[in-house]
Structures are given as C-alpha cells and as structure tokens.
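What follows is each chain in one-letter form.
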Amino acid sequence: FSELRESAAWVEKYLAEDGDGNQIADYAKENGVTICLENMPMLKFSMGKPEAIARFIEEMNDEYFQGCLDTGHAHIFRDVTMKSAVECMGKHIKVIHAHDNMFNRDLHLYPLVYGNTDWAELGEALRTVGFDGIFELELNPPTRLPDHLYNEHARLIRKIGGRLVDMMGYEL
C-alpha cells in the first residue's frame, strides 16, 4: 500500500499545484484522452469516496474529466451502497472496475463467487443513469496457475462475466 499511498499523495499534490486542473485538461484535450478518476478505498485521501470524485468532476466541468467507479473500493465503505455510488457519479461513469470483497480490504475477489456486493442493485442503478461505458472485471487470479488450467480458468472468468452482465440486466 505504500506505493499506492505515495501515488495518491502525488496526484493530490499535482492537482493542488495545478490549481484549477488546466494543465491536465489541456494535455487531455490535445491528445484526445479522457481522464477517469477512480474512487479509492482510503479514508485519508480527499477523493476516496464516489461522492468526492463526482464533486471534483463537476467542479472541473470538462468533458475530458470523467469517472471510474471501482465497486470493490466503494464496497469497503460501509455507508456507500452500489446504488448511492452510481447515483452520485451518474453520467460521469465511463468505466466500471468490477470486483468484490466482504466490506474489508481491497481483495479483488471474483464477483458472484466470493464477496457480498449487491450486483443486481448495481445493474439497476447503472441502467437508471444510462451507463454505456466499459465494464472491466478487475480480478486477483491465482499467482501460480499451472499451464494446463489456464484455459479452464479463462472459461470460468468468461462465465462469471457473462452471468454478472446478465444478472445486472445488460447483454454481451
């Protein structure tokens, strides 16, 4: 976590030095890049919760600043539901990092296999705000998966992704 803390601290320092974010926005515009700010699971940082990300994006008022809703990071905060996270970030959500946990550490568990995130609630909320962005499974696979199990594992991930998308009311 120390590298992540240092990285997040650097971003906050950079944004503070940039003042209104014009340097970053200018770079994004010049290069056709959309900058997606992701909610993080750390209370110490001012942009940890989805509502803080949404507030920042609204203040930037720039199409090149959008949001990445990380479900596992949001789920660590017991006062944040998937519905409330989506409602506050709304139309600014361009990317979903989908993974699960048990209201604890950032474990990147497989949805529908481990964890207790309400995926149906997330799907309903995303449909309500008209989400049509990128839905990424951000998983923590086994570190030493034998070669002969690789294809089976890939099929499992595909199956989980398909079931998750179906359960949330979307189509592949």
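These remarks concern the structure in this document.

Reading guide: rules and limits
- Residues numbered from 1 in each chain as written.
- Predicted model: local features only at pLDDT ≥ 70, side-chain atom pairs only at ≥ 80, totals over all residues.
- Heavy atoms only, no water.
- Helix = DSSP H or I, 4+ residues; strand = E, 2+ residues; numbered from the N terminus.
- Contact = heavy atoms within 4.5 Å.
- Core = buried A, V, L, I, M, F, W, Y, C linked by side-chain atoms within 4.5 Å.
- Buried < 20%, exposed > 50% of the residue type's maximum accessible area, 1.4 Å probe, protein only.
- Expected span 1.5 Å × (residues − 1).
- Pairing = 2+ DSSP bridges.
- Axes fitted to C-alpha atoms, helices over the stretch in contact; angles between N-to-C directions.
- Phe/Tyr/Trp six-rings, centres within 6.5 Å; stacked < 30°, edge-to-face > 60°.
- Arc of directions from axis to C-beta.

1. A few points about the side chain of D62
Line of reasoning, step 1. With respect to the helices, strands and loops of the structure, D62 is situated in the loop between α3 (50-60) and β2 (65-70).
Line of reasoning, step 2. Residues within four places of D62 in sequence aside, it is in contact with A25 and K29.

2. Some details on the nonpolar core
Line of reasoning, step 1. Ranked by size, the top nonpolar core spans 31 residues in total, and within it F65, L69, I93, L122 and L126 carry the most contacts.
Line of reasoning, step 2. For this core, the secondary-structure elements that each account for two or more residues are α2 (22-31), β1 (35-38), α3, β2, α5 (82-89), β3 (93-98) and α6 (119-129).
Line of reasoning, step 3. The element that contributes the greatest number of residues to this core is α3, accounting for five residues.
Line of reasoning, step 4. Dropping the residues within four chain positions of it, L122 is found in contact with L69, T71, M82, V86 and M168.

3. Points about helix α7 (residues 150-167)
Line of reasoning, step 1. With 18 residues, α7 should reach 26 Å at 1.5 Å per residue; the first-to-last C-alpha distance of 26 Å fits that figure.
Line of reasoning, step 2. Three or more residues of α7 are buried, namely H153, I160, G161, G162, L164 and V165.
Line of reasoning, step 3. A positive phi of about 90 degrees marks G169, the residue just after α7.

4. With respect to the sheet that holds β3
Line of reasoning, step 1. The four strands lie next to each other as β1-β2-β3-β4, forming an open sheet whose pairing is parallel. Strands with a single pairing partner mark the edges of an open sheet, and in this sheet they are β1 and β4 (134-137). Sheet twist, expressed as the average angle between the axes of neighbouring strands with direction ignored, equals 25 degrees.
Line of reasoning, step 2. As paired strands, β3 and β4 are joined by four bridges and run parallel to one another. Along β4, the bridge assignment pairs I96 with F135.

5. Here's the deal with the packing of aromatic side chains
Line of reasoning, step 1. Summed over all chains, the structure comprises one aromatic pair.
Line of reasoning, step 2. Consider the rings of F56 and F65, whose centres lie 6.1 Å apart with planes at 75 degrees: the pair is edge-to-face.

6. Some points on α2
Line of reasoning, step 1. Within the sequence span of α2, burial applies to I24, A25 and A28. Take α2 and look down its axis: the buried residues cluster within an arc of 100 degrees, on one side only. Exposed and facing more than 90 degrees away from the buried side of α2 are Q23, Y27 and E30.
Line of reasoning, step 2. Phi turns positive, to about 65 degrees, at G32, one or two residues after α2.

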